[in-house]
Amino acid sequence: MTTAQTPELDVQPTPLALLLLGREADPRSERGVDCPGDLPSPSDPHLVERARAAKAKLGDKVFVLGHHYQRDEVIQFADVTGDSFKLARDAAARPEAEYIVFCGVHFMAESADILTSDDQKVVLPDLAAGCSMADMATAEQVAECWDVLTEAGVAEQVVPVSYMNSSADIKAFTGKHGGLICTSSNAKRALDWAFEQGEKVLFLPDQHLGRNTAVRDMGMSLEDCVVYNPHKPGGGVTVEQLRAAKMILWRGHCSVHGRFSLDSVNDVRARIPGVNVLVHPECKHEVVAAADYVGSTEYIIKTLEAAPAGSKWAIGTELNLVRRLANRFASEDKEIVFLDKTVCFCSTMNRIDLPHLVWTLESLAEGTLVNRIEVDKETEAFAKLALERMLALP
């Protein structure tokens, strides 16, 4: 019997990974720190009552935002729910709220701070609620990438397009270099705009959304795309590849959506005859190609709302949302299952739990500002420019 050689994995520890291992730190990463106080016990039977009381005491001074991927125990206290960009815009539309409590992850709270007034204070209940995808592109790495593009003689032809799921630093880089932000629902419109400005796009930080939009929605080929790996010299690509490519994709991905595979799709079709496969565009290209429907979180919700009674659906997105949708539509006899057999929560999103929310609301009610997310003015100015270009899209 022969033993196959195990290939060497191209894996580099990120600043966040090192931080979680207790080694090193990056103050500008999607980081975590200890709360400056004691959290309520998760077994406290009065947590719900305490959250309600603190929120009532704050009244109109607080506005709680809940991302679709949050736990039900947290979502119940949200004034509005939605995806990251919808929530940031909702925050900006409530100027009377002194405190914006963002039940999401770090880059979302940054976006809310960028879009709200200076008088408003954005709070993240747990600073360890980061985003692994956002951490896959640092300001230093992207600046080095731009140097590589410059040396290849293509930088002047490149327009950066950054996914909403990126840090304020990356959004600022994008704005400074003539680019714009996109969401999973308007990525095609953003790319159409970008190709009107230049011949190539540098898409950050999620390679799958960039590839799927270019190939599936815009008719490009896989050969039009090249992947830039920040952990390899020169991005692991040749000058010739950069000059030939239309889409220069950053080697990043979502740890949740990246788990779904073509085997997952084939398996669910075999188990549930007549099932509709509905996935998020952050999934791998082969998964998106095999699915029946592809769209953003909001698209997934609206598709299920419009689905006929008795229909069957396998959903490729975060498990909290899938479970919530399954419960919501059970009375309409819609069968909704998770695409993969393996449970797949967003681990950092799930750091926002009821004890952290109670601690945050009670602290604010007592006049103590905690866990404020504040973007510096220069970063904010360029990041806002990139966001405003997106808002101006037709």
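Below is a summary of the structure that appears in this document.

Calculation notes
- Residues numbered from 1 in each chain as written.
- Predicted model: local features only at pLDDT ≥ 70, side-chain atom pairs only at ≥ 80, totals over all residues.
- Heavy atoms only, no water.
- Helix = DSSP H or I, 4+ residues; strand = E, 2+ residues; numbered from the N terminus.
- Buried < 20%, exposed > 50% of the residue type's maximum accessible area, 1.4 Å probe, protein only.
- Contact = heavy atoms within 4.5 Å.
- Areas by Shrake-Rupley, 256 points an atom, 1.4 Å probe, with all protein chains shown as cover.
- Expected span 1.5 Å × (residues − 1).
- Arc of directions from axis to C-beta.
- Pairing = 2+ DSSP bridges.
- Axes fitted to C-alpha atoms, helices over the stretch in contact; angles between N-to-C directions.
- Core = buried A, V, L, I, M, F, W, Y, C linked by side-chain atoms within 4.5 Å.
- Salt bridge = Lys/Arg side-chain N within 4 Å of Asp/Glu carboxyl O.
- Phe/Tyr/Trp six-rings, centres within 6.5 Å; stacked < 30°, edge-to-face > 60°.
- Lys NZ or Arg CZ within 6 Å of the ring centre and 35° of its normal.

Some remarks on the overall build of the chain
Next up, step 1: Assigned secondary structure in the chain consists of 17 helices and 14 strands.
Next up, step 2: Across the 394 residues in the chain, those meeting the buried criterion constitute 56%.
Next up, step 3: Contacts spanning at least 24 positions in sequence make up 68% of the contacts within the chain whose residues lie at least 6 apart.
Next up, step 4: Of the roughly 17,300 Å² of accessible surface on the chain, a fraction of 49% belongs to carbon and sulfur atoms.

A word on helix 7 (residues 139-151)
Next up, step 1: Under the 1.5 Å per step criterion, the end-to-end length of helix 7 is 19 Å for 13 residues, consistent within 8% with the ideal 18 Å.
Next up, step 2: Gln141, Val142, Cys145, Trp146, Val148 and Leu149 are the residues of helix 7 that are buried. Seen from one end, helix 7 has its buried residues packed into an arc of 155°, which puts them on one side. Exposed residues pointing more than 90 degrees away from the buried face of helix 7 are listed as Glu140 and Glu151.
Next up, step 3: Just downstream of helix 7, Gly153 is the residue with a positive phi angle, here 80°.

Examining the sheet that holds strand 10 (residues 276-279)
Next up, step 1: Spatial strand order, 11-10-12-13: four strands in an open sheet with parallel pairing. A single partner strand is all that each edge strand has here, and the edge strands are strand 11 (293-294) and strand 13 (335-338).
Next up, step 2: Here helix 14 (residues 297-306) sits on the sheet and contacts strand 10, strand 11, strand 12 (312-316) and strand 13; the angle it forms with strand 10, its principal contact strand, is near 155°.
Next up, step 3: This element, helix 15 (residues 319-328), spans strand 12 and strand 13 of the sheet and lies at about 165° to strand 13.

Quick look at the sheet that holds strand 7 (residues 200-204)
Next up, step 1: The strand order across the open sheet formed by five strands is 6-5-7-9-8, and the pairing between neighbours is parallel. In this open sheet, the two strands that pair with only one neighbour each are strand 6 (180-182) and strand 8 (225-228). Strand-to-strand twist of the sheet, defined as the mean angle between neighbouring strand axes without regard to direction, takes the value 30°.
Next up, step 2: In terms of strand pairing, strand 7 meets strand 9 (residues 247-250) through three bridges, oriented parallel.

Things to note about the nonpolar core
Next up, step 1: Residues Val161, Phe203, Met247, Val279, Leu304, Ile336 and Leu361 are the most contacted members of the largest nonpolar core, which totals 108 residues.
Next up, step 2: It is helix 16 (residues 354-365) that contributes the most residues to this core, seven residues altogether.
Next up, step 3: With near-sequence residues (within four places) excluded, Leu361 lies in contact with Ala51, Ala54, Lys55, Leu58, Val62, Val64 and Val101.
Next up, step 4: Counting 21 residues, the second largest nonpolar core, distinct from the first, contains Val148, Ala152, Val154 and Val158.

Description of the pattern of salt bridges
Next up, step 1: A complete count under the given rule lists 18 salt bridges for this structure.
Next up, step 2: Between Lys188 and Asp192 there is a salt bridge whose closest N-O contact spans 2.9 Å. With a gap of four residues between them, Lys188 and Asp192 both fall in helix 9 (residues 187-197), about one helical turn apart.
Next up, step 3: Classification of Lys188 by relative accessible area gives partly exposed; the value is 36%.
Next up, step 4: When the shortest N-O distance is used, the salt bridge between Arg372 and Glu374 registers 3.6 Å.
Next up, step 5: Taken together, the salt bridges that share partners define one network made up of Lys61, Glu98 and Lys121.

Points about unusual backbone geometry
Next up, step 1: Cis geometry is found at the peptide bond from Leu204 to Pro205, where omega equals -20°.
Next up, step 2: Within the fold, Pro205 resides in the loop between strand 7 and helix 10 (207-217).
Next up, step 3: Unlike most non-glycine residues, Asp333 shows phi in positive territory, near 60°.
Next up, step 4: Note on placement: Asp333 falls in the loop between helix 15 and strand 13.

Things to note about the packing of aromatic side chains
Next up, step 1: A full pass over the atoms with the stated rule returns four aromatic pairs.
Next up, step 2: Ring geometry for Trp146 versus Phe173: centroids 5.6 Å apart, planes at 80°, classification edge-to-face. Of the two residues, Trp146 is situated in helix 7 and Phe173 in helix 8 (residues 168-176); the sequence distance between them amounts to 27 residues.
Next up, step 3: When its relative accessible area of 13% is taken as the criterion, Trp146 is described as buried.
Next up, step 4: Seen from their ring centres, Tyr228 and Trp250 are 5.3 Å apart, and the 25° between their planes marks the pair as stacked. With a gap of 22 residues between them, Tyr228 in strand 8 and Trp250 in strand 9 connect regions that are remote in the sequence. One exposure class covers both Tyr228 and Trp250, and it is buried.
Next up, step 5: Over the face of the ring belonging to Phe382 we find Lys176, whose NZ or CZ atom lies 4.9 Å from the ring centre.

Quick look at the pairing of strand 9
Next up, step 1: Because side chains alternate across strand 9, one face comprises the buried residues Met247 and Leu249, and the other comprises Ile248 and Trp250, equally buried.
Next up, step 2: When strand 8 meets strand 9, the two strands line up parallel, connected through four bridges. The residue bridging Cys225 from the neighbouring strand is Met247, located in strand 9.

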